[in-house]
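# Structural overview for review
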Amino acid sequence: MNLILFGPPAAGKGTQAKRLVETRKMVQLSTGDMLRAAIASGSELGKRVSGIMERGDLVSDEIVIELIEARLPEAEAAGGAIFDGFPRTLAQAEALDAMLAYRGSRIDQVIRLKVDDEQLMKRIAGRFAESGRPDDNPESFKVRLDAYNTQTAPLLPYYQDQGKLTQVDGMGSVDTVAVAIDKALG
Ligand code: AMP
């Protein structure tokens, strides 16, 4: 089973993905985590993306598609992937469909965590102080939210039309949202 956790920055995608890794033994594929690891390792890729990420802009489709493609065999061996923070553009979504189809697989479900902007700003204000992420600051967060609204949210009809989209209220506590996700997954 391949699942996309979909939602704006600070919606709780990473937290919920980690829980599903524990409970369902799936593999979490977070392009944000992969890119941060590239930066931490001091690789060429890390050097190319660090400024872009710090501003809050999206890195190129090519880069993230390649990162995901390299991890698909591992996810397949585990019985499925939780895509967290990918896809973020229509080109990424189409590439993901093509890569999975090539492997005889598909996206089974897309769970959208719905959190309103006011709540996101509240959550992120708490994170600015403690996360240590250079893109957790008011200016970058605004850019990240704009990128979500203009480039990523338009994917919702793409998955809705395929009958794969389930909306989950992401405003509650971590546990409440976890229960709602489990219910959606059946
Ligand atoms: P995240 O940890 O998912 O919030 O991602 C942090 C940052 O990494 C984003 O603001 C982007 O700069 C970059 N990034 C992560 N995933 C993607 C993606 N699928 N497409 C483009 N940029 C991404």
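The model shown is predicted, which means the values in this text are computed figures rather than measured ones.

### A closer look at the overall build of the chain
Summing up its helical and strand segments, the chain has nine helices and five strands in all. Its helices and strands in sequence order give the chain the pattern β-α-β-α-α-α-β-α-β-α-α-α-β-α, from N to C terminus. On C-alpha atoms alone, the chain measures out to a radius of gyration of 16 Å, which is about the 16 Å that the 2.2 N^0.38 rule sets for 186 residues. Projected onto its principal axes, the C-alpha positions of the chain cover 40 × 40 × 30 Å.

### A look at helix 6 (residues 117-130)
Between its first and last C-alpha atoms helix 6 spans 20 Å; for 14 residues at 1.5 Å apiece the expected length is 20 Å, and the two agree. G132 sits one or two positions beyond helix 6 and adopts a positive phi of about 75°.

### Some remarks on the pairing of strand 3 (residues 81-84)
By the alternation rule, side chains of strand 3 split into A81 and F83 and I82 and D84, which are all buried. Here three bridges tie strand 1 (residues 3-6) to strand 3, and the two strands are oriented parallel to one another. Looking at the pairing, L5 lines up with D84 of strand 3. Note: strand 2 (residues 27-30) against strand 3, four bridges, orientation parallel. Each residue of the ladder has a partner; that of L29, found in strand 3, is F83.

### Details of the sheet that holds strand 5 (residues 165-169)
Paired through their backbone hydrogen bonds, the strands of a sheet run either parallel or antiparallel. The strand order across the open sheet built from five strands is 2-3-1-4-5, with neighbouring strands paired in parallel fashion. Looking at which strands have only one partner, the edges of the open sheet turn out to be strand 2 and strand 5. Sheet twist, expressed as the mean angle between neighbouring strand axes with direction ignored, is 25°. Running over the sheet, helix 2 (residues 31-41) touches strand 2 and strand 3 and is turned about 65° from strand 2.

Cut-offs applied
- Think of each chain on its own: its residues are numbered from 1, step by step along the sequence as written.
- Reporting in this predicted model follows two pLDDT cut-offs: at least 70 for local features of residues, and 80 or more for side-chain atom pairs to be given and counted; totals over whole chains, interfaces and linings ignore these cut-offs and use all residues.
- With hydrogens and water stripped out, all remaining heavy atoms of the structure feed into the side-chain values.
- Helical segments are the DSSP runs of H or I of at least four residues, strand segments are the runs of E of at least two, and each set is numbered from the N terminus.
- Put simply, the radius of gyration uses C-alpha atoms, and a globule should come to 2.2 Å times the residue count raised to 0.38.
- Expected span of a helix: the number of residues minus one, times 1.5 Å.
- For the exposure calls, accessible area comes from a 1.4 Å probe over protein chains only, and a residue counts as buried if that area is under 20% of its type's maximum, exposed if over 50%, partly exposed in between.
- When DSSP finds two or more bridges between two strands, those strands count as paired.
- In this description, a line fitted to the C-alpha atoms serves as the axis of each element, helices being fitted only across the stretch in contact, and the angle between N-to-C directions of two axes falls anywhere from 0 to 180 degrees.
- When checking whether two residues touch, look at their non-hydrogen atoms; a contact exists if any pair is within 4.5 Å.

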